[in-house]
Amino acid sequence: MQIIIYKFVDGTTNAVEVTEDIYLIHLELLQKEKRNHWKETRRHTSLYYFTDMGIDYEDKRIDIFAEIVRKEDAEHVHKALLTLSDKRRDLVRKFYFEEMRYRAIAEQIGVSHTAISQRMKTIRKRLQKQLRDCSI
């Protein structure tokens, strides 16, 4: 005979005496529950979770737009920037020239950092197209 101890939410415990077979089934179910919990939490933990917890990661990837700007003629880059709206130019200025992070820009403007990320993605595409058209 084995003893299974149940702990309830209110802090009380209860001990139940069971046969060996029932105890082994109980242990197997506990292991399955742990594995399922691990699978679910592993799958749903994202970088946004960590940044919300105050842990920020520096993006070490090469910024494609910054590389294009370095290679292009300053006049072409200036012309491409002029095709953007004032709000978009302001985002480019804050991110590339003032080196602000998406979160800081988002807080300043009053939107989510994902919104800033999407806006910057759109801006990069538009600038790349403009710079491609200028060099043709």
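Provided above is the structure to which this section pertains.
Residues numbered from 1 in each chain as written. Predicted model: local features only at pLDDT ≥ 70, side-chain atom pairs only at ≥ 80, totals over all residues. Heavy atoms only, no water.

Q: Help me understand the nonpolar core in this model?
A: It is characteristic of soluble globular proteins that their nonpolar side chains tend to be buried jointly. Val92, Ile116, Met120, Ile123 and Leu127 are the most contacted members of the largest nonpolar core, which totals 16 residues. Of all elements in the fold, only α4 (74–82), α5 (86–97), α6 (102–109) and α7 (113–135) reach the threshold of two or more residues within this core. Ranked by residues supplied to this core, first place goes to α7 with five residues. Setting aside chain neighbours within four positions, we find isoleucine 116 in contact with Leu91, Tyr102, Ile105, Ala106, Ile109 and Val111. (Core = buried A, V, L, I, M, F, W, Y, C linked by side-chain atoms within 4.5 Å. Buried < 20%, exposed > 50% of the residue type's maximum accessible area, 1.4 Å probe, protein only. Helix = DSSP H or I, 4+ residues; strand = E, 2+ residues; numbered from the N terminus. Contact = heavy atoms within 4.5 Å.)

Q: Just to check I follow, could you spell out the side chain of lysine 94 for this structure?
A: Counting through the fold element by element, lysine 94 comes out in helix α5. Note on lysine 94: relative accessible area 9%, which makes it buried. There is a polar contact of 2.5 Å between the side chain of lysine 94 and the side chain of glutamine 108. Discounting residues that sit within four places of it in the chain, lysine 94 has contacts with Glu99, Met100, Ile105, Gln108 and Ile109. (Polar contact = N/O pair within 3.5 Å; in protein donor to acceptor, adjacent residues only side chain to side chain.)

Q: Help me understand α5 in this model?
A: Quick reminder: α-helices carry 3.6 residues per turn. Residues three or four places apart thus point the same way. Over its 12 residues, α5 runs 15 Å from end to end, which matches the ideal 16 Å to within 8%, given 1.5 Å per residue. Immediately beyond the C-terminal end of α5, within one or two residues, lies glutamate 99, with a positive phi of roughly 55°. (Expected span 1.5 Å × (residues − 1).)

Q: Explain the pairing of strand β1 (residues 2–7) to me, please; I cannot follow it from the model alone.
A: Successive side chains on a regular strand alternate, one facing one side of the sheet and the next facing the other. Bridge analysis of β1 against strand β2 (residues 13–18) gives six bridges, and the strand direction is antiparallel. Residue pairing across strands places isoleucine 4 opposite valine 16, the latter belonging to β2. Between the antiparallel neighbours β1 and β2 lie five residues, among them glycine 11 with a positive phi of about 100°. (Pairing = 2+ DSSP bridges.)

Q: What is the right way to read the environment of arginine 89 from this model?
A: Its place among the elements puts arginine 89 in helix α5. Taking relative accessible area as the criterion, arginine 89 reaches 28% and is therefore assigned partly exposed. Spatially, the C-alpha atoms of arginine 89 and isoleucine 123 are 8.8 Å apart, while their sequence positions differ by 34 residues. Setting aside residues up to four positions removed in sequence, arginine 89 forms contacts with Leu81, Leu82 and Leu84. Among the polar contacts listed, one links the side chain of arginine 89 to the side chain of aspartate 86, at a separation of 2.3 Å.

Q: Would you mind going over the packing of aromatic side chains with me for this structure?
A: To describe a pair of aromatic rings, one takes the distance between the centres and the angle between the planes. What the rule picks out here adds up to two aromatic pairs. When the centroid spacing of 4.9 Å and the interplanar angle of 85° are considered together, the rings of phenylalanine 95 and tyrosine 96 count as edge-to-face. Taking relative accessible area as the criterion, tyrosine 96 reaches 18% and is therefore assigned buried. Taking the centre distance of 5.0 Å and the plane angle of 35° together, the rings of phenylalanine 95 and tyrosine 102 count as tilted. Since its relative accessible area comes to 21%, phenylalanine 95 is described here as partly exposed. An aromatic cluster of at least three residues, connected via ring pairs, comprises Phe95, Tyr96 and Tyr102. (Phe/Tyr/Trp six-rings, centres within 6.5 Å; stacked < 30°, edge-to-face > 60°.)

Scope: geometric values only; no functional claims are made or implied.
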